[in-house]
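Letter by letter, the chains look like this.
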There are 2 protein chains.
Amino acid sequence: MQLDERKYRILQAIIDDYIMTAMPVGSRTISRKSGVGFSPATIRNEMSDLEELGYLAQPHTSAGRVPSYKAYRLYVDHLMKTSKLTSDERERMHEHLISRSKQVEGVIRSAANVLSDATKYTSVIVAPKLGTLRIKHVQLVPVAERTALMVIVTNAGIVKDAIIRVPEGLDADDLYGISRILTQRLADQPLEGVRQAFADLLRNAEQNRRLLGEALQVIEQRLEAGGDASDVIVGGSANLLEYPEYSDVNKARSFLSVLESKDTLRKLLGSQGSMEVSIRIGPENQVPELNDCSIVTASYRVGDHSTGTLGIIGPTRMNYNRVISVLDFMGRALSDVLSEYK
Amino acid sequence: MQLDERKYRILQAIIDDYIMTAMPVGSRTISRKSGVGFSPATIRNEMSDLEELGYLAQPHTSAGRVPSYKAYRLYVDHLMKTSKLTSDERERMHEHLISRSKQVEGVIRSAANVLSDATKYTSVIVAPKLGTLRIKHVQLVPVAERTALMVIVTNAGIVKDAIIRVPEGLDADDLYGISRILTQRLADQPLEGVRQAFADLLRNAEQNRRLLGEALQVIEQRLEAGGDASDVIVGGSANLLEYPEYSDVNKARSFLSVLESKDTLRKLLGSQGSMEVSIRIGPENQVPELNDCSIVTASYRVGDHSTGTLGIIGPTRMNYNRVISVLDFMGRALSDVLSEYK
DNA sequence: GTTAGCACTCAACGTCATCGAGTGCTAACG
DNA sequence: CGTTAGCACTCGATGACGTTGAGTGCTAAC
């Protein structure tokens, strides 16, 4: 059996309705509401076909139909009408975004809030992979006897810091000097290549070998850890509770637990590189707890090579059109704002 | 009517039971369970008295009794038996705490997780007030044409950064020089007094007046904003959903919304200075959404003058004993770990 | 091919009786 | 006189049961 024009129209009407109401959709509803001028009986026949094809399901015999994952997939790929945001909205979002743009992390945090406010779902933003950033500056600051804070500033304006031990007898001026050398040698190196650069440094360093060794270790640790919790930012985690699919406390809890596991989120969003919006519906995503959620992601750019990911997590019956528009816009806006720092 | 020994014992037994089960407690239960060897009838009489005194309440006539806020207050002040953590537990917590102690923010984040894991409630930690920290180092790092990143390192090892505009024509070396001067002049100033110090600098500065002005503005902004979202860290927000008092989705939602509002949390925890554990039960706290929660807080020290707050938010029937022990221990542990950086 | 009609299904809802945990009161007990 | 056994009473929780209504599938007529 093939899908003809009418089936498409009916399926679309069902999904549109279900997205709004979260209630199984009956033939009568479609017959009345949609522009398709057919009687309930006709619709029923079509619905029966659609069910057989795996696009619809019935919670129980005497209920209406509910779209399947397959239906959502078809919907986002072919049926959905996409719309642009009004310029008014764009403006408002952009304004919120730059309202505290003094710091990279602040911008990302605002972006998460803007996203979740605009969509009423939960937003997640992953900061750019550190490995692709370039070092701008390295500074060792004495904070105590034999202890220094190493601050690494990257080209994206992102600052990473770590406490390291330093050999005895180094005073502020020594550290200052070492910082100069480090900055000179490492400037414009991508963090990824830093191991090589450091090895060179070490080979030639007649002194302070231990200190440099420790510094290298710290930088590497940062890299392989894939960043710490602070580079996954979640916004609007309470929003999901608005939706009837989460009125079951257990579902809500397991959802919230996932949001607390930054590792899972980082894996979930992954960096898919392109600026294209990506959509994973229900079981298409790898995290079992989120198998009845959909995840829509886009990416943003910082500088030339680094990309981060921003995404929305919501029920499978989410308003894909809206979410895609918002993410698309915000991805660009975020890239613009953050690339000013470049 | 006065509370005699027996009434105390009975009240304590009721609260102990209610804390565990969250179910109204009947006379029979108390008669059987507690060491108080009296018949249900006697207990009933006493309970009736306790109710009249405002320590107990009945959800409905044929139900058991539930402790009132007044009862919890009495409980934590006089009845509760306090216990120490096992050394095993202390060790485990301490270990988790230092597991990623390379960064101040990392430590605080771990601490929040340890707290919520150990108590099964929600934890909140507020970083020290910036105003009381002292500047260790100021560094301007060029990130783009006419743009620099200003990094301020404090004595607590906390790093704050902000993008500022710089006048045209300043190259990396100029910024380096200016950083030196700034650091020289501002080192060991508390952030609070920085305005004065800066004013002096400005008066004498024959050049770069604009740049310094902007830098001052940024620092001040940081101060008056009371810090940004990143210095309030929440852990275990999903934990609360385990408890029957939050099986109502609306309650859960309003609770989670409060957790998202960092401003409210900051106000709620406030810095109460002393290392003493403070307990606010139900309506004793100022946030209406949390009027059926209790909030237990302690404080930790960074360096000599700065203090931050750590707290647990849970249902009024929380396990006060456990929570107090954990907070007390963690307050000290956190102080120790963070003061190593001093 | 479309639709009106109709019997059928089944969750949701309201009603009603039952059950039992818990109370308050009274009278008896040591 | 404090304590306790006994007892009638209250009231939420639970489950059985009938009703309602939205929705379906099938058949026959248009």
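Predicted model, so just to flag it, every value in this text is computed and none were measured.

As a further point, take the sheet that holds strand S6 (residues 159–165) of chain B. Residues and elements named next belong to chain B. In spatial order, the strands read S4-S5-S6; together these 3 strands make up an open sheet with antiparallel pairing. Among the strands making up the open sheet, the edge pair consists of strand S4 (135–144) and S6. Averaged over all neighbouring strand pairs, the angle between strand axes comes to 20°, with direction disregarded. Against the sheet, helix H7 (residues 172–186) engages S4 and strand S5 (147–154), with an angle of about 165° to S4.

This part covers the protein's contact with DNA strand D. Inspection of the region around DNA strand D gives 20 residues, with Ser27(A), Arg65(A), Arg6(B), Thr42(B) and Ser62(B) positioned closest. A share of 73% is what sugar and phosphate atoms reach among the atoms of DNA strand D within 4 Å of the protein. Here a base oxygen of DNA strand D and a side-chain polar atom of Arg44(B) are 3.5 Å apart. Between Thr61(B) and DNA strand D, the recorded distance is 3.1 Å, taken from a side-chain N or O atom to a phosphate oxygen. Breaking the surface near DNA strand D down by element, the ones donating at least two residues are helix H3 (40–52) of chain A together with helix H3 (40–52) of chain B. Ranked by residue count, the leading element in the surface near DNA strand D is H3(B), at 4 residues. When its residues are assigned to classes, the surface near DNA strand D shows 4 nonpolar, 12 polar and 4 charged.

This paragraph deals with the nonpolar core. Core analysis: the largest hydrophobic core is formed by 212 residues, its most contacted members being Ile313(A), Tyr320(A), Met330(A), Ile313(B), Tyr320(B) and Met330(B). Counting residues in hydrophobic clusters, the runner-up holds 14 residues, among them Val151(A), Val153(A), Val143(B) and Leu149(B).

Checked against the element boundaries, Leu265(B) lands in helix H11 (residues 262–269). In contact with Leu265(B), not counting residues within four places along its chain, are Val124(B), Val232(B), Val234(B), Val258(B), Leu259(B) and Ile313(B).

This part takes up the confidence of the model for chain A. When pLDDT drops low, the exact placement of atoms in the prediction is not to be read closely. Looking at chain A, pLDDT values average 86 and 91% of them are 70 or higher. Taken element by element, chain A is modelled with least confidence in helix H9 (residues 209–224) of chain A, mean pLDDT 68, and with most confidence in strand S2 (residues 66–67) of chain A, mean pLDDT 97.

Another point: the packing of helix H10 (residues 249–260) of chain A against helix H11 (residues 262–269) of chain A. Residue and element names in this part refer to chain A. One way to put it is that H10 packs onto H11 with a least axis distance of 5 Å and a crossing angle of 85°. As summarised for this structure, H10 and H11 are arranged roughly perpendicular, according to the angle between their axes. Of H11, the residues touching H10 (which contributes Val 258, Leu 259 and Glu 260) are Lys 262, Thr 264 and Leu 265. Taken together, the residues of the contact of H10 with H11 break down into 3 nonpolar, 1 polar and 2 charged.

Rules used throughout
- Residues numbered from 1 in each chain as written.
- Chains lettered and ligands numbered in written order.
- Predicted model: local features only at pLDDT ≥ 70, side-chain atom pairs only at ≥ 80, totals over all residues.
- Heavy atoms only, no water.
- Pairing = 2+ DSSP bridges.
- Helix = DSSP H or I, 4+ residues; strand = E, 2+ residues; numbered from the N terminus.
- Axes fitted to C-alpha atoms, helices over the stretch in contact; angles between N-to-C directions.
- Contact = heavy atoms within 4.5 Å.
- Near = heavy atom within 4 Å.
- Polar contact = N/O pair within 3.5 Å; in protein donor to acceptor, adjacent residues only side chain to side chain.
- Nonpolar A, V, L, I, M, F, W, Y, C, P; charged D, E, K, R; others polar.
- Core = buried A, V, L, I, M, F, W, Y, C linked by side-chain atoms within 4.5 Å.
- Buried < 20%, exposed > 50% of the residue type's maximum accessible area, 1.4 Å probe, protein only.
- pLDDT = per-residue confidence, 0-100.
- Parallel < 35°, antiparallel > 145°, perpendicular 65-115°, else oblique.

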